[in-house]
Amino acid sequence: MFDLDDTICEITVEQGATEPLAFADSADTDYSTHPAADDVRAYLGVPVVVDGEIYGTVNFSSETPRNEAIRPGEREFAKLIAQWIGTQIERDRRLSTLERYETIIEAVEDPVYALDTESRFTFVNDAAEREFGYGQEILGEHVSVVMDTDDLERIRDQRKALAETDSRSLTAQFDLETADGSRQIVETRHVVIGDEEFQGTAGILRNVTEREERRRQLESFQQAIEESADGVAILEDGEYVYADQTHADMYGFDSPNQLLGESWRKLYDNEEAARLESEAFPKLDSDGRWRGKVTGCRPDGTTFPAELSLTIVDDGRLVCAVRDITDRVARKRELELKERAMDETNVSIQITDPTQEDNPLVYVNNGFEQMTGYTREEALSRNPRFLQGPETDPEKTARLRAAIDAEEPMTMEVVNHRSDGTPYWAKLSVTPVYDDEGTLRNFIGIQQDVTERRRLSETLEDRTERLELVLSGTGTGIAELDLRTDELTWDETLTETFGHDPETIEEWGEFVHSADREDIHAGLEKTIETGEPWSGAFRLTTGSGDLAWLESRCVPVYEDGEPVKVLATGTDVTERKQREQEREATVAVLERIYQITTDPDRSFEEKVDGLLAAGSEYLDLPYGYLTNIETETTESGTQTIVEAHGSHELLQAGESCPLPQAYCKKR
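Cut-offs used in this document
- Residues numbered from 1 in each chain as written.
- Predicted model: local features only at pLDDT ≥ 70, side-chain atom pairs only at ≥ 80, totals over all residues.
- Heavy atoms only, no water.
- Helix = DSSP H or I, 4+ residues; strand = E, 2+ residues; numbered from the N terminus.
- Buried < 20%, exposed > 50% of the residue type's maximum accessible area, 1.4 Å probe, protein only.
- Contact = heavy atoms within 4.5 Å.
- Areas by Shrake-Rupley, 256 points an atom, 1.4 Å probe, with all protein chains shown as cover.
- Pairing = 2+ DSSP bridges.
- Axes fitted to C-alpha atoms, helices over the stretch in contact; angles between N-to-C directions.
- Phe/Tyr/Trp six-rings, centres within 6.5 Å; stacked < 30°, edge-to-face > 60°.
- Polar contact = N/O pair within 3.5 Å; in protein donor to acceptor, adjacent residues only side chain to side chain.

## Quick notes on the overall build of the protein
When helices and strands are counted, the protein shows 19 helices and 27 strands. Counting over 667 residues, the protein shows a buried share of 42%. In the protein, the proportion of contacts linking residues at least 24 apart, taken out of those at least 6 apart, comes to 50%. Accessible surface for the protein amounts to roughly 37000 Å². Of this, 46% is attributable to carbon and sulfur atoms.

## Re the pairing of strand β10 (residues 231-236)
Alternating positions in β10 separate cleanly, Gly231, Ala233 and Leu235 being buried on one face and Val232, Ile234 and Glu236 remaining unburied on the opposite face. Inspection of the sheet shows β10 paired to strand β14 (residues 318-324) by five bridges, in the antiparallel sense. What sits directly across from leucine 235, in β14, is leucine 318. Where β10 meets strand β11 (residues 239-243), four bridges bridge the pair, whose relative direction is antiparallel. Counterpart to leucine 235 in the pairing with β11 is tyrosine 240. Taking the residues between adjacent antiparallel strands as the criterion, β10 and β11 are bridged by two residues, where aspartate 237 takes a positive phi near 55°.

## Observations regarding the sheet that holds β10
Here we have five strands laid out as an open sheet, ordered β11-β10-β14-β13-β12, and antiparallel in their pairing. Each edge of the open sheet carries a strand with a single partner, namely β11 and β12 (289-297). When the angles between neighbouring strand axes are averaged without regard to direction, this sheet yields 30°. Pairing between strand β13 (residues 303-312) and β14: seven bridges, direction antiparallel. Following the sheet pairing, serine 309 is matched in β14 by alanine 321. Packed on one face of the sheet, helix α8 (residues 270-287) meets β12, β13 and β14 and runs near 165° to β12.

## What to know about the packing of aromatic side chains
Using the criterion set out here, one finds twelve aromatic pairs in the structure. Taken together, a centroid distance of 5.1 Å and an interplanar angle of 55° make the contact between phenylalanine 77 and tyrosine 618 tilted. Taken as a pair, phenylalanine 77 in helix α2 (residues 72-96) and tyrosine 618 in helix α19 (residues 604-619) lie far apart in primary sequence, 541 residues in all. Across the pair, exposure class does not vary: phenylalanine 77 and tyrosine 618 are buried alike. Their ring planes at 85° and their centres at 5.9 Å tell us that tryptophan 508 and phenylalanine 538 sit as a pair that is edge-to-face. Within this pair, whereas tryptophan 508 is found in helix α16 (residues 505-510), its partner phenylalanine 538 is found in strand β22 (residues 534-541), the two being separated by 30 residues in sequence.

## Examining the side chain of threonine 188
Secondary-structure assignment places threonine 188 in strand β8 (residues 183-193). Exposure remark for threonine 188: the relative accessible area of 2% places this residue in the buried category. Engagement of the side chain of threonine 188 in a polar contact is seen with the side chain of tyrosine 113, the distance being 2.9 Å. Those residues within four positions of threonine 188 in sequence are excluded, and the remaining contacts are Tyr113, Leu170, Thr171, Ala172, Phe174, Gly203, Ile204 and Leu205.

## Details of the environment of phenylalanine 281
Structurally, the position occupied by phenylalanine 281 is in helix α8. Given the relative accessible area of 30%, phenylalanine 281 is considered partly exposed. Non-local contacts of phenylalanine 281, meaning those with residues more than four positions away in its chain, are made with Trp264 and Leu276.

Right, here's the structure in full:
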């Protein structure tokens, strides 16, 4: 404990009921000779008022001066915390006297009961008699008259576990014997009565018999559905003792009798049988059931995909349920193929079938018709080479054919021709598609018309020179990256603004913030690949060692369909970013205060500690305190630290000092 006179809080209390005391350096104030001034150089404190009287203070301090003055917003922040704490203490005081009664009257429409410390009934409401037939005659009886011993012990253990936590209630379910001897399934909300000392329990009952019976029926139905399938068989010691006709038909037999006495291995090839023995049988031994996909084998050598469900019943026999999923697999394969193609509906999509002679087109979308001028009827069943023409580069055509023969993906820019003979530049991407067995099934081709982009790139350098002239004097500079040599050029504006003149992309990367490099490289790769501009802001270290923000917009330059350069503009946006970060920090701390003060699982002390921690981080002051000021114990008054945040060798919870030695005292 500290005498209040020995703390800064003495000044805080005496200068006004709600006004903060704040300074960045005590040496610049009238408090420089105060007894606490040597240990507290920066300080922000606000009185905590409870029921019209000063309870103490919330304060934040530092042993060293703060670089900047305490801002008005920070003063309001501290006042907000002090006001919330005062209100919460008042509320807790009022609610403490009502707590015992609230547990009983929370839900009067359902049966309500109360038990003493020996689990004897002390209260039941009218709803309990209407629902279960128990009225005032049950008062004084032990709760065991309505529930089984096992349920009673289970709930008692749950209550003991509850006592070791901060929670005051639990929900349990048990069978209740009504006054007429019938059994009902009930759910109870069980609440502990008493703060410091256990005084009994109270609860609300809800009859959930119908709900539970429905749930059990649904579980039975679900189990029946899960264990049923198109074909059913029973195995004993690995051999068939029963099979229905559907099971026999699925595996290619005329009659179920052909399977009786045969091993299940007869329906699978050696590799599949070995897989089932290694995967399914261990699961059957541990869980009693297994489900998975298999490949069945018929006597004629054909195979089919299936879902197999195996269950061991009580007598040790194995129930087998199987469903043919051939159609489902085919539909899934077709759907996956179409979905992959339609992901790019804004471009030309074409699909070929290499399993057919000359790898013909089997699908084209609307974008193909619009780009090429050929209708579906004109294009399907033909190899896509009909799009080539006089201006198509033979070398690129040869590279494309080699990639297709090698079943490799390929992307290039080529000249194709529309149905009227008009040439156009297309960015063509060809990708092979394989089935589950790894067999090549299709090629997907995607075309993007890049004619306009290539035309624009031819004049881009000339426009760049004009742009440099326009941007001169605006604070925005221009950079150029040669992709063939990795040479980088910054203009005078960028060099003077950031204090660097990098000559290569590697030199530039050395002063870019490490956390931003990956995003920048990804953006550059994307703009080079797609031809679309990329923009973003990133951090870098200036020549003087300061951290700055550069906002850039990049566009690629192409020659003969290949990217050769990247042109970019750059603007210093450091001040704008700093303002944004300050706003984000303020919003973040207010959200944190809201989460702390509205968290129902936090105790009052935990909320105060959270508020002090949030305040210390936001204000950049290492120590935060909630103090209690008492003026009756000594003539000058005493200030006691109730909660403390920060590792201070002298100022911790429970310590106090005379009020005249604290900043909390009025000058």
